[in-house]
Amino acid sequence: MEFKKFLIEKLTLFFMLSTMITAAVYLIGSAYDRDALFGYDALLSPMRYAALCILPTFVTWSRRELSMRELLFRKALMLVLVEGVILYMAFTSPVIDTGRMQVVMTLMGSVLVIFLLVNLFLWLRDLAEAGRMNQDLENFRRLHDEENRG
Amino acid sequence: MDVRIEKIGKEEKEQVLIQCRSVTEEVEEIAAFVKSRQGSLTGVLEGRRFEVAVSDICYIESVDGKTFLYTKEKVYETSSRLYELEEKLRTRHFLRISKSMLISLLKIQSIRPAMGGRFTALLYSGEQIIISRNYVKALKAALKGE
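Cut-offs and rules
- Per chain, residue numbering runs from 1 following the sequence as it is written.
- For naming, the first written chain is A and the first written ligand is 1, with later ones following in the order written.
- In view of the model being predicted, local features appear only for residues whose pLDDT reaches at least 70, and side-chain atom pairs are presented and counted only at 80 or more, with totals across whole chains, interfaces and linings using the full set of residues.
- Here the side-chain values reflect all heavy atoms present in the structure, with hydrogen atoms and water set aside.
- Think of it this way: any DSSP run of H or I at least four residues long counts as a helix, any run of E at least two long counts as a strand, and we number them from the N terminus.
- When we talk radius of gyration, it's over C-alpha atoms, and the globule rule is simply 2.2 Å times the number of residues to the 0.38.
- In what follows, residue pairs with any heavy atoms lying within 4.5 Å of each other are defined as contacts.
- In short, Shrake-Rupley with a 1.4 Å probe defines the accessible areas, and a residue's cover is counted only from the protein chains shown.
- Note on charges: Lys and Arg go in the positive column, Asp and Glu in the negative column, and His and the chain ends are not counted at all.
- Charged groups are reduced to one reference atom each: NZ for lysine, CZ for arginine, CG for aspartic acid, CD for glutamic acid.
- The salt bridge definition used is simple: a Lys or Arg side-chain nitrogen within 4 Å of an Asp or Glu carboxyl oxygen.
- The cut-offs for exposure are 20% and 50% of the maximum accessible area for each residue type, with area from a 1.4 Å probe on protein chains only; residues under the lower value are buried, those over the upper are exposed, and the others partly exposed.
- Buried surface area refers to the total accessible area, computed with a probe of radius 1.4 Å, that the two partners give up upon joining, counted for both partners together.
- Whenever two N or O atoms come within 3.5 Å, that pair is a polar contact, provided that in protein one can donate a hydrogen and the other can accept it, and provided that, for residues adjacent in sequence, both atoms are side-chain atoms.
- The classification used treats Ala, Val, Leu, Ile, Met, Phe, Trp, Tyr, Cys and Pro as nonpolar, Asp, Glu, Lys and Arg as charged, and all other residues, Gly among them, as polar.
- Strand pairing is defined by DSSP finding a minimum of two bridges between the two strands.
- For helices, the axis comes from a line fit to the C-alpha atoms of the stretch in contact; other axes are also lines fit to C-alpha atoms, and the angle between any two N-to-C directions lies between 0 and 180 degrees.
- Should an angle fall under 35 degrees it is taken as roughly parallel, and over 145 as roughly antiparallel, whereas 65 to 115 is taken as roughly perpendicular and any remaining angle as oblique.
- By the definition used in this description, the sense in which the near helix is turned from the far one sets the handedness, with an anticlockwise turn below a right angle giving left-handed and a clockwise turn giving right-handed.
- Two aromatic rings from Phe, Tyr or Trp, using only the six-membered ring of Trp, form a pair when their centres are within 6.5 Å; if the ring planes differ by under 30 degrees the pair is stacked, by over 60 it is edge-to-face, and anything between is tilted.
- The predictor attaches a confidence to each residue, called pLDDT, with possible values from 0 through 100.

Trainee: I'd like to hear about the overall build of chain A, residue by residue, with values.
Mentor: What chain A contains, in helices and strands, is 4 helices and 0 strands. For chain A, whose C-alpha radius of gyration is 21 Å, the value lies well above the compact-globule estimate of 15 Å for 150 residues. For the C-alpha atoms alone, the extent of chain A along its principal axes is close to 75 × 30 × 25 Å. Once local pairs closer than 6 in sequence are excluded, the contacts in chain A between residues at least 24 apart make up 73%. As presented, chain A carries roughly 9,800 Å² of accessible surface, and 68% of it is formed by carbon and sulfur atoms. Here chain A contributes 16 positively and 16 negatively charged side chains, and the mean placements of these two sets differ by 4 Å.

Structure, rendered in structure tokens:
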């Protein structure tokens, strides 16, 4: 894949992640630290997390097209790296109470859920694309049949 | 065997219908001849050369420098290179869908998503072929008749 195309995909992923991380922060924060107060600076944290989570996704880049097995392996590796990045940020953050195992597990679970959701959204996008192609395929066949008759 | 030629209207599909009590070698030969009139490629199967009707070919694959023609039930080897066949069969609705594969658009039953921006073509023969993401754009254009 062209690197430029790959970067554009990562930009799309960045916005998806920012949205989902915002939702995750809201849910986790509401559950464990409902009364916490933050400054405007906190608004940037989902984008910061998203940007850092994008970095491990570069392991899926390859000039040649990866086989299904290679792709699965690299995606798994990417998930492990993203979990690592999030845990590193959590353990170095003064705001997140990593002393509680439950918080750490919830964070790791959230990463997995977001990972699955991103892949689900991408698959749904491709499913819609496949639907359009099937429609075009049907039209193509109809035109071909008409040409043969005519 | 009687031979009957019947004129039909423009809206109907032209066809050659063979009505027989059993599908003998002779019947198969007649069918092969009719198909070969619509274009064929020479393929080798178990050391024997065959004229494979283009309309019977589902896809063509190049593996380790060898090129194979896949019909619904048989696989023939051909001496032609993939790029030559791509050029030759362009007007017969064959399209490259990966570095090593050409597919007949008329043999695709449906398309569904695979992983990583790829798609899977489900053929009428029941086989599933991966469409490489680099060729998806060309496939979309071909289906739209562009």
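Trainee: Pulling in residues and values, what's your account of the pattern of salt bridges?
Mentor: Under the criterion given, the structure shown has 12 salt bridges over all chains. For D126 of chain A, the salt bridge is made with R125 of chain A, and the minimal N-O distance between the two is 3.5 Å. On the basis of relative accessible area, R125 of chain A is assigned to the partly exposed category, the value being 44%. In this structure, the salt-bridge partner of R96 of chain B is E86 of chain B, at a minimum N-O distance of 3.1 Å.

Trainee: Explain the interface of chain B and chain A residue by residue, including any values.
Mentor: Chain B puts 31 residues into the contact, and the matching count from chain A is 25 residues. Summing both partners gives a buried area of about 2,600 Å² for chain B against chain A, and 59% of it is carried by carbon and sulfur. Where chain B packs against chain A, one counts 4 salt bridges. Between K140 of chain B and E129 of chain A there is a salt bridge; the shortest N-O distance is 3.0 Å. There are 10 residue pairs in polar contact (both at pLDDT 80 or more) connecting chain B and chain A. Broken down by secondary-structure element, the contributors of at least two residues to the side of chain B that touches chain A are β8 (108-113) and α3 (136-143) of chain B. Ranked by the residues each element gives to the side of chain B that touches chain A, the list is headed by β8 of chain B, at 6 residues. Class assignment for the residues of the side of chain B that touches chain A results in 14 nonpolar, 7 polar and 10 charged.

Trainee: Residue-level account of the sheet that holds strand β9 (residues 119-123) of chain B, with values.
Mentor: Residues and elements named next belong to chain B. Spatially, β8-β9-β10 is the arrangement adopted by the 3 strands of the open sheet, whose pairing is antiparallel. Two strands bound the open sheet, and with one partner strand each, they are β8 and β10 (128-131). Geometrically, the sheet is characterised by an average inter-axis angle of 25° between neighbouring strands, direction not taken into account. Two strands pair when backbone bridges link them, and β9 and β10 are joined in this way by 4 bridges, in the antiparallel orientation. From the neighbouring strand, A121 faces β10, where its bridge partner is I129.

Trainee: Please provide a residue-by-residue account of the pairing of strand β6 (residues 94-98) of chain B, values included.
Mentor: All names here are of chain B. Counting buried positions along β6 yields 5 of 5 residues, so the element is predominantly enclosed. In this structure, β6 lies alongside strand β7 (residues 101-104), joined through 4 bridges in antiparallel fashion. For L95, the partnering residue across the bridge sits in β7 and is I103. From the end of β6 to the start of β7, which pair antiparallel, there are 2 residues.

Trainee: Lay out the packing of helix α1 (residues 3-32) of chain A against helix α2 (residues 45-54) of chain A in plain terms, naming residues and giving numbers.
Mentor: Residue and element names in this part refer to chain A. Here α1 crosses α2 at 135°, and the two axes come no closer than 8 Å. Regarding the angle of α1 to α2, the classification is oblique. Between α1 and α2 lies a crossing whose hand is right-handed. Across from K10, L13, F14, L17, S18, I21 and T22 in α1, the residues of α2 making contact are P46, M47, Y49, A50, A51, C53 and I54. The residue inventory of the contact of α1 with α2, partitioned by class, reads 11 nonpolar, 2 polar and 1 charged.

Trainee: Can you tell me about the packing of aromatic side chains, naming the residues and giving the values?
Mentor: Counted by the stated rule, this structure contains 8 aromatic pairs over all chains. Aromatic pair F50 of chain B and Y76 of chain B: ring centres 5.7 Å apart, planes at 65°, arrangement edge-to-face. A residue pair is termed long-range when its members are at least 10 positions apart, and F50 of chain B in strand β2 (residues 48-53) and Y76 of chain B in strand β5 (residues 75-78) qualify at 26 residues. Ring plane angle 10° and centroid distance 4.3 Å describe the contact between Y59 of chain B and Y70 of chain B, whose orientation is recorded as stacked. Taken together, the positions of Y59 of chain B in strand β3 (residues 59-63) and Y70 of chain B in strand β4 (residues 66-70) put the pair 11 residues apart, joining distant regions of the chain. One exposure class covers both Y59 of chain B and Y70 of chain B, and it is buried. Three or more aromatic residues link up through ring pairs in this structure, and these residues are F3, F6, F58 and W61 of chain A.

Trainee: Give a detailed account of the confidence of the model for chain B, specifying residues and quantitative values.
Mentor: As a general rule, the predicted coordinates of low-pLDDT regions are not to be interpreted in detail. Considering every residue of chain B, the mean pLDDT works out to 90; 99% of them sit at 70 or more. On the interface metric, ipTM, the complex scores 0.76, and its pTM is 0.75.

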